[in-house]
Amino acid sequence: MARATADRGGIPTHELILPTIHCSACIRAVEGVLNSRPDIASARVNLSRKRVAISAAPDADPAPWVTALAAIGFEAHEVRNAQTPSGDDGLTLRLGIAGFAMMNVMLLSVAVWSGATDSTRDFLHWIAATIALPAALFCAQPFFTSAWGALRTARLNMDVPISLAILLACGLSLYETMVGGEHAYFDAALSLTFFLLGGRVLETRMRRAARSAAADLAALEPNRVTRLTGDTRVSLPVDEVKIGDTLWLAAGSRVPVDGVLLDLSAQVDRSALSGESDPISVAEGDTLTAGEVMLSGPVTLRTTVDASGSTLRRLIQLASVAEGARSRYTSLATRAAGVYAPLVHGLSFAAFLGWSFATGDIYHALTIAIATLIITCPCALGLAVPAVSTVATGRLFRAGVLVKSETALERLAEIDTVVFDKTGTLSDSALVPGAEIPEEARAVLKALAGASNHPLSRSVLPGLADVAAVDLTAIREERGAGIKAVWAGKPVALGDGAWIGQGQGTVLRVGAQVWPMARRERAVPEAGETLRKLRAMGLGVHMLTGDSQANADRMAATLGVDHVHASVSPEMKQNLIHELQAEGRKVLMVGDGLNDTLALTQAWASIAPGTALEASQNAADVVLLGQQLSGIVMVVQIARSARARILENFALAALYNMIAIPLALAGFATPLMAALAMSTSSITVTLNALRTRATP
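Definitions and limits used
Residues numbered from 1 in each chain as written. Predicted model: local features only at pLDDT ≥ 70, side-chain atom pairs only at ≥ 80, totals over all residues. Heavy atoms only, no water. Helix = DSSP H or I, 4+ residues; strand = E, 2+ residues; numbered from the N terminus. Buried < 20%, exposed > 50% of the residue type's maximum accessible area, 1.4 Å probe, protein only. Contact = heavy atoms within 4.5 Å. Pairing = 2+ DSSP bridges. Patch = residues over 30% accessible without salt bridge, like charges linked within 9 Å, V, L, I, M, F, W, Y side chains within 5 Å. Areas by Shrake-Rupley, 256 points an atom, 1.4 Å probe, with all protein chains shown as cover. Salt bridge = Lys/Arg side-chain N within 4 Å of Asp/Glu carboxyl O. Axes fitted to C-alpha atoms, helices over the stretch in contact; angles between N-to-C directions. Parallel < 35°, antiparallel > 145°, perpendicular 65-115°, else oblique. Left-handed = near helix turned anticlockwise from the far one by under 90°. Nonpolar A, V, L, I, M, F, W, Y, C, P; charged D, E, K, R; others polar. Expected span 1.5 Å × (residues − 1). Arc of directions from axis to C-beta.

Let's talk about the overall build of the chain
Regarding its fold elements, the chain presents 25 helices and 27 strands. Burial status across the chain gives 53% buried among its 696 residues. Taking contacts inside the chain between residues at least 6 apart in sequence as the whole, the part at least 24 apart equals 69%.

Let's talk about the pairing of strand β9 (residues 265-269)
Burial along β9 is one-sided: Ala-266 and Val-268 are buried, while Ser-265, Gln-267 and Asp-269, pointing the other way, are not. Bridge count for β9 against strand β10 (residues 280-283) is four bridges, and the pairing is antiparallel. Looking at β10, one finds that Ser-265 is bridged to Ala-283. Note: β9 against strand β12 (residues 293-294), two bridges, orientation antiparallel. Paired with Val-268 across the strands is Met-294, a residue of β12.

Side note on unusual backbone geometry
At Ala-488, a residue that is not glycine, the phi angle is positive and equals roughly 50°. Its location among the elements puts Ala-488 in the loop between β18 (482-487) and β19 (490-496). Residue Ala-488 is classed as exposed on the basis of its relative accessible area of 62%. Even without a glycine there, the phi angle at Ser-567 is positive, about 55°. Secondary-structure assignment places Ser-567 in the loop between β24 (563-565) and α21 (570-582). Judged by relative accessible area, Ser-567 falls into the partly exposed class, the value being 47%.

Structural notes on the environment of Ala-307
Looking at where Ala-307 falls in the secondary structure, it is placed in the loop between β13 (299-303) and α10 (311-323). With relative accessibility at 2%, the residue Ala-307 sits in the buried group. Apart from the residues lying within four places of it in its own chain, the contact partners of Ala-307 are Val-238, Asp-239, Val-241, Val-257 and Arg-313.

A short note on the sheet that holds β10
On the basis of which strands lie adjacent, the open sheet formed by three strands has the order β10-β9-β12 and antiparallel pairing. A strand with exactly one partner marks an edge of an open sheet, and here the two such strands are β10 and β12.

Remarks on a nonpolar patch on the surface
A cluster of nonpolar side chains, contributed by Leu-655, Met-658, Ile-659, Leu-663 and Phe-668, occupies part of the molecular surface with about 540 Å² of accessible area. Residue Leu-663 is classed as partly exposed on the basis of its relative accessible area, which comes to 40%.

Describing the sheet that holds β18
Ordered by their spatial adjacency, five strands build an open sheet running β17-β18-β19-β20-β21, and the pairing between neighbours is antiparallel. The strands lining the two open edges of the sheet, one partner per strand, are β17 (473-478) and β21 (513-516). Pairs of neighbouring strands in the sheet enclose a mean axial angle of 15°, with direction left out of account. Its contacts with the sheet place helix α16 (residues 439-451) against β17, β18, β19, β20 (506-510) and β21, and it is angled at close to 60° to β19.

A short note on the packing of helix α4 (residues 118-139) against helix α6 (residues 159-178)
Following both chains from N to C, one finds α4 and α6 inclined at 160°, their axes separated by 11 Å at the closest point. With respect to their mutual orientation, α4 and α6 come out roughly antiparallel. Classified by chirality, the crossing of α6 by α4 is left-handed. Contacts between α4 and α6 involve His-125, Trp-126, Leu-133, Ala-136 and Leu-137 from the first element and Leu-167, Cys-170, Leu-174, Thr-177 and Met-178 from the second. Within the contact of α4 with α6, the residues separate by chemical class into eight nonpolar, two polar and no charged.

Comments concerning helix α24 (residues 630-665)
With 36 residues, α24 should cover 52 Å at 1.5 Å per step; its first-to-last C-alpha distance of 53 Å lies within 8% of that length. After α24 finishes, the residue Gly-667 shows a positive phi value of roughly 85°.

What to know about the pairing of β20
With respect to burial, β20 is a largely interior element, four of its five residues being buried. Sheet topology places β19 next to β20; five bridges connect them, and they run antiparallel. Bridge pairing in β20 places Ala-493 opposite Arg-509. As paired elements, β20 and β21 share four bridges and run antiparallel to each other. Counterpart to Val-507 in the pairing with β21 is Pro-516. The turn linking β20 back onto β21 is made up of two residues, and Gly-511 within it adopts a positive phi angle of 65°.

A short note on the side chain of Thr-506
Structurally, Thr-506 can be placed in strand β20. Its relative accessible area of 11% is what places Thr-506 among the buried residues. If we skip the residues at most four places from it in the chain, Thr-506 touches Leu-431, Leu-494, Gly-495, Pro-516, Met-517 and Arg-519.

Thoughts on helix α20 (residues 549-559)
Buried residues of α20: Ala-552, Met-555, Ala-556 and Leu-559, and no others. Around the axis of α20, the buried residues are gathered within 105° of arc, so they sit on the same side. Turned more than 90 degrees from where α20 packs its buried face, Arg-554, Ala-557 and Thr-558 sit exposed. With its phi angle positive at about 80°, Gly-560 sits one or two positions after the end of α20.

Description of the pattern of salt bridges
As enumerated under the stated definition, the model contains ten salt bridges in all. Salt-bridge contacts for Asp-245 lead to Arg-227; the nearest nitrogen and oxygen are separated by 3.3 Å. Of this pair, Asp-245 sits in the loop between β6 (232-237) and β7 (246-249) while Arg-227 is found in strand β5 (residues 224-229), placing the two residues 18 residues apart along the sequence. Glu-583 is paired through a salt bridge with Arg-585; the nearest N and O atoms lie 3.9 Å apart. According to the relative accessible area criterion, Glu-583 is exposed, its value standing at 56%. Overlapping salt bridges bring together Asp-421, Lys-573 and Asp-596 as one network.

Here's what the structure looks like:
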């Protein structure tokens with residue numbers, strides 16, 4: 001019952017801004033054109049962010065894609081970083097003009113309604129036409145442009161009925177004015193334009209309020225850096241940084257690209273990426289990650305990747321995948337909205353024919369047809385899923401949780417069992433120096449541990465706080481084995497005894513002398529409280545470990561775990577997950593090691609801590625950027641909240657149409673009332689999505 005690999009989706013290599021898309025019909029058209037191209041593996045549109053994420057060859061040329069989209073009426077621009085434009089394409093200006101013109105025309109209408117007749121009435125109608133027609137044509141231009149782009153490629157979108165409604169209202173009013181008729185509805189045409197624009201402006205601002213994790217990550221990357229060439233500082237764009245460059249960073253500046261510190265020591269703020277608020281001390285040779293803030297400085301950094309390969313860029317790509325989520329809810333919304341455009345026009349035409357036949361009043365029949373065109377627009381349905389997805393992933397990211405699978409939230413909301421790896425996830429090991437180690441050897445031990453990047457080696461440092469470290473030379477560390485150096489002409493080492501050539505287990509060597517290092521296992525902070533909260537949420541909790549049964553039982557008793565599986569291999573972990581799934585369980589796997597990757601892939605959903613190996617993070621749906629297990633509880637809570645909000649949005653959209661469509665067809669809704677109802681439904685759905693932020 002493992003989820004399909006396709007559920008994870010590909011990491012997008014390119015992204016295009018689509019400033020003119022507005023509805024699910026636009027999504028279908030854009031994705032249809034791009035996915036039909038042989039040079040594109042997949043393309044997915046995010047309506048909330050007005051972006052399309054494209055999986056293709058990294059060196060592919062986006063120009064043909066932009067041309068293909070232009071051919072079907074969509075403006076597109078390539079973007080390298082996921083930074084959302086802050087403007088609203090002039091919608092606010094158009095809204096202001098429409099409002100001003102509407103109020104002036106309404107003043108003229110008051111005079112007509114008060115009893116003006118004959119030449120006075122005709123004169124007032126012509127003044128209203130002079131004001132209303134230019135204003136309506138200018139202010140409704142976004143609707144007209146989008147509708148024409150669809151029609152000229154034999155396609156329908158939701159701006160087609162909106163444009164028809166505005167043009168018909170203006171056209172009928174102009175005809176009435178030219179023939180000296182009693183009724184002209186220029187005020188209704190302008191009011192319709194005003195409220196439609198008002199709804200779109202509010203939706204745009206609400207989307208901006210629900211800022212995406214990808215946009216937040218992109219904001220962490222500086223635009224320019226300072227490179228050291230000898231004693232000369234050169235300012236250059238971040239994209240021109242190469243591997244091996246030496247960068248100069250002032251205190252308070254953000255690290256632009258991953259690299260290693262060249263100075264003896266420094267302090268960094270990693271809260272933006274990990275959620276950890278305390279400053280972190282780093283030493284010469286330690287890794288600095290793009291997006292971190294230097295609290296001390298100036299310092300120098302030697303880059304280990306170029307800008308395109310930085311951790312920050314990778315996280316941006318992963319976040320973009322999640323925000324463009326294509327769950328079954330998204331597919332349902334897209335399919336439903338896809339049949340709306342022809343259905344809307346069919347209903348409107350049927351209303352026109354029916355009322356024309358019943359009353360013989362062509363003008364009244366057209367008014368009802370216009371109201372039907374407007375009121376049945378499925379904007380609320382199109383926003384139901386993407387608005388919630390953007391809010392949820394952004395909320396989690398700001399709490400130090402990266403959702404990197406496109407269907408993760410949907411699957412996390414369904415889990416009923418959580419399986420934890422023990423070592424490294426629920427517990428960690430600390431080295432404990434024996435009492436027999438002399439003071440001089442302790443000073444060497446502290447120096448070796450301080451120079452190491454391995455968490456096990458560094459775990460001995462708290463117990464050596466009162467010891468002064470010695471100076472080492474010729475330091476060499478081998479990942480997973482240990483660290484060697486020279487002190488006072490003697491070889492010194494800390495690590496695996498077999499690698500050092502002295503005994504078994506972890507040992508400290510100083511010259512010819514060797515001391516064994518004891519290990520002490522302890523529960524990680526918040527592990528017990530996290531498990532208690534998960535059980536309170538109705539979830540079953542299991543623990544898997546390759547450790548002995550005695551050690552597993554000891555940790556299980558400490559944490560209150562009832563289901564323990566010890567001495568299991570990676571394949572056995574995967575099989576145990578499969579057995580739980582065969583019983584009908586939806587399993588969440590939490591693990592950090594290479595031996596957990598099979599189980600992480602097998603599970604219905606998976607989470608890896610921020611300290612996990614890269615292979616485990618790549619296999620997981622969610623990565624905890626910080627080191628606190630409490631993030632798992634938040635992930636499940638927000639996933640459940642997001643599912644509830646999506647279902648509520650579908651219900652709101654369905655309820656709106658059940659009420660609005662019969663009212664329009666029965667002639668109880670004017671075009672102005674229809675515009676107000678449609679805008680209100682879209683705003684209601686977006687506001688409901690923002691409730692996800694309030695999840696504890």
